[in-house]
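Below are the chains, spelled out letter by letter.
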Amino acid sequence: GLWPTGYQTVPVLTYHKLSRNGAPDAMTVREADFEAQMRFLREKGYRVISLDDLFEFLRFRRQIPARSVVITFDDGWRSLYDIAFPILKKYGYPATLFVYTDLIVGSRETLSWEQVRELSRNGFDIQGHSKTHRYLGRKDRKESFRDYFEAVRKEIVESSKIIRNHTGREVKYLAYPYGDTNALVAAMTRKEGYHLAFTVERESAPFFSNDFRVSRSMIYGSFNLEDFRNNLTTFRKFGSE
């Protein structure tokens, strides 16, 4: 990913909810807009790769296509299964679901573990997003440091065990809730065996990214295709901001 004039960067896109008819908001993208974005990627020559491909690239083990993009979803909302899943299958795109495990209760709004397993069997990568979705980088005023340390460890360790027990797959990647982290959380994430961890800083990831502060760009429901395109930087010239 390195050339005399600049270097490759990989946009890691983040979605939350989707809707068929409801008004979009920061966390909710309309079905028609999501379809248009996926079609845009195909028509403009982008290549959707998996998180495993990105990991291999960041570890200097594999070259990836020049216009590579990663697609991720956070939390575990039912609209992923009902709306996004069929569209992604249509285009043959891999994607990752970062689940916070307390949300997976199988309601009208949330996924069930059976649906998560079905997604996993059909190519979705199921990864960690903590247990309760608390801010990991912020100690509650009423918490002692010891209590805070143990709470964060529980969020990181128990969620991966729950996912592994339900899917039979190893959890290697973590999306920090709210993108919130600190040096302690990053060190603990590394110690517990995760390979990469992700923030929500809006920029594409270069090959020299910090493995435990990899950037992702949230795609808001208010975005038009030009806004979407602005989050697809795959090359940066030396000397550019």
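Residues numbered from 1 in each chain as written. Predicted model: local features only at pLDDT ≥ 70, side-chain atom pairs only at ≥ 80, totals over all residues. Heavy atoms only, no water.

### Points about the overall build of the chain
Now for step 1: Regarding its fold elements, the chain presents 7 helices and 14 strands.
Now for step 2: The C-alpha radius of gyration of the chain comes to 18 Å, within 12% of the 18 Å expected for a compact globule of 241 residues.
Now for step 3: For the chain, the C-alpha atoms occupy an extent of roughly 50 × 45 × 35 Å along the three principal directions.
Now for step 4: The burial tally for the chain puts 53% of its 241 residues in the buried class.
Now for step 5: For the chain, restricting intrachain contacts to residue pairs at least 6 apart in sequence, the fraction spanning at least 24 positions comes to 68%.
Now for step 6: Of the roughly 11600 Å² of accessible surface on the chain, a fraction of 47% belongs to carbon and sulfur atoms.
Now for step 7: For the chain, the separation between the mean place of its 38 positive charges and that of its 31 negative charges on side chains is 2 Å. (Helix = DSSP H or I, 4+ residues; strand = E, 2+ residues; numbered from the N terminus. Rg over C-alpha atoms; globule rule 2.2 N^0.38 Å. Buried < 20%, exposed > 50% of the residue type's maximum accessible area, 1.4 Å probe, protein only. Contact = heavy atoms within 4.5 Å. Areas by Shrake-Rupley, 256 points an atom, 1.4 Å probe, with all protein chains shown as cover. Lys, Arg positive; Asp, Glu negative; His and termini not counted. Charge placed at Lys NZ, Arg CZ, Asp CG, Glu CD.)

### A few points about unusual backbone geometry
Now for step 1: Positive phi outside glycine occurs at F60, with the angle close to 65°.
Now for step 2: Here F60 is to be found in the loop between α2 (51–58) and β7 (68–75).
Now for step 3: One non-glycine residue, H133, adopts positive backbone phi at about 75°.
Now for step 4: Take H133: it is sitting in the loop between β9 (125–128) and α5 (145–167).

### Regarding the packing of aromatic side chains
Now for step 1: The final tally for this structure, using the stated rule, is 20 aromatic pairs.
Now for step 2: Note on F40 and F228: the rings are 6.1 Å apart at their centroids and 80° apart in plane angle, and the pair reads as edge-to-face. Note that F40 is positioned in helix α1 (residues 31–43) and F228 in helix α7 (residues 225–229), a separation of 188 residues in sequence.
Now for step 3: Among the residues examined, F40 registers a relative accessible area of 11% and is labelled buried.
Now for step 4: Owing to a relative accessible area of 0%, F228 belongs among the buried residues under this scheme.
Now for step 5: Members of the aromatic cluster, connected to one another through ring pairs, are Y15, F34, F73, Y81, F85 and F124.
Now for step 6: Positioned over the ring face of Y46 is R67, at 4.1 Å from the centre of the ring.
Now for step 7: Over the face of the ring belonging to F85 we find K89, whose NZ or CZ atom lies 4.7 Å from the ring centre. (Phe/Tyr/Trp six-rings, centres within 6.5 Å; stacked < 30°, edge-to-face > 60°. Lys NZ or Arg CZ within 6 Å of the ring centre and 35° of its normal.)

### Let's talk about the environment of S68
Now for step 1: For S68, the position within the fold is in strand β7.
Now for step 2: For S68, a relative accessible area of 0% puts it in the buried group.
Now for step 3: For the pair S68 and S112, spaced 44 residues apart in the sequence, the C-alpha separation amounts to 31 Å.
Now for step 4: Discounting chain neighbours no more than four positions away, the residues touching S68 are Q8, V10, P11, R47, I49 and T234.

### Quick look at the packing of helix α4 (residues 113–121) against α5
The description of two packed helices rests on the angle between their axes and on the distance between the axes.
Now for step 1: Close contact between α4 and α5 brings their axes to 9 Å; oriented N to C, the two are set at 75°. In terms of orientation, α4 lies roughly perpendicular with respect to α5. In this structure, α4 contributes W113, V116, R117 and S120 to the contact, and α5 contributes I162, I163, H166 and T167.
Now for step 2: Its residues placed into classes, the contact of α4 with α5 shows 4 nonpolar, 3 polar and 1 charged. (Axes fitted to C-alpha atoms, helices over the stretch in contact; angles between N-to-C directions. Parallel < 35°, antiparallel > 145°, perpendicular 65-115°, else oblique. Nonpolar A, V, L, I, M, F, W, Y, C, P; charged D, E, K, R; others polar.)

### Considering the pairing of β7
Now for step 1: When you tally the buried positions in β7, you get 8 out of 8 residues, the bulk of the element.
Now for step 2: Bridging between strand β6 (residues 47–48) and β7 involves 2 bridges; their strand directions are parallel. Note that in β7 the partner of R47 across the bridge is S68.
Now for step 3: Inspection of the sheet shows β7 paired to strand β8 (residues 96–99) by 4 bridges, in the parallel sense. Residue pairing in the sheet places F73 in a bridge with L97 of β8.
Now for step 4: Read as a crossover between parallel neighbours, the route from β7 over helix α3 (residues 78–91) to β8 is right-handed. (Pairing = 2+ DSSP bridges. Right-handed = clockwise from strand over helix to strand, strands pointing away.)

### Here's the deal with the pattern of salt bridges
Now for step 1: Using the criterion set out here, one finds 17 salt bridges in the structure.
Now for step 2: In this structure, E114 engages R121 in a salt bridge whose closest nitrogen and oxygen atoms are separated by 3.2 Å.
Now for step 3: The class of E114 is partly exposed, set by a relative accessible area of 40%.
Now for step 4: Relative accessible area serves as the criterion here: at 54%, R121 is assigned to the exposed category.
Now for step 5: Residue R229 pairs with E226 through a salt bridge whose shortest N-O separation is 2.6 Å. Of the two residues, R229 and E226 both sit in helix α7, 3 residues apart, roughly one turn of that helix. (Salt bridge = Lys/Arg side-chain N within 4 Å of Asp/Glu carboxyl O.)

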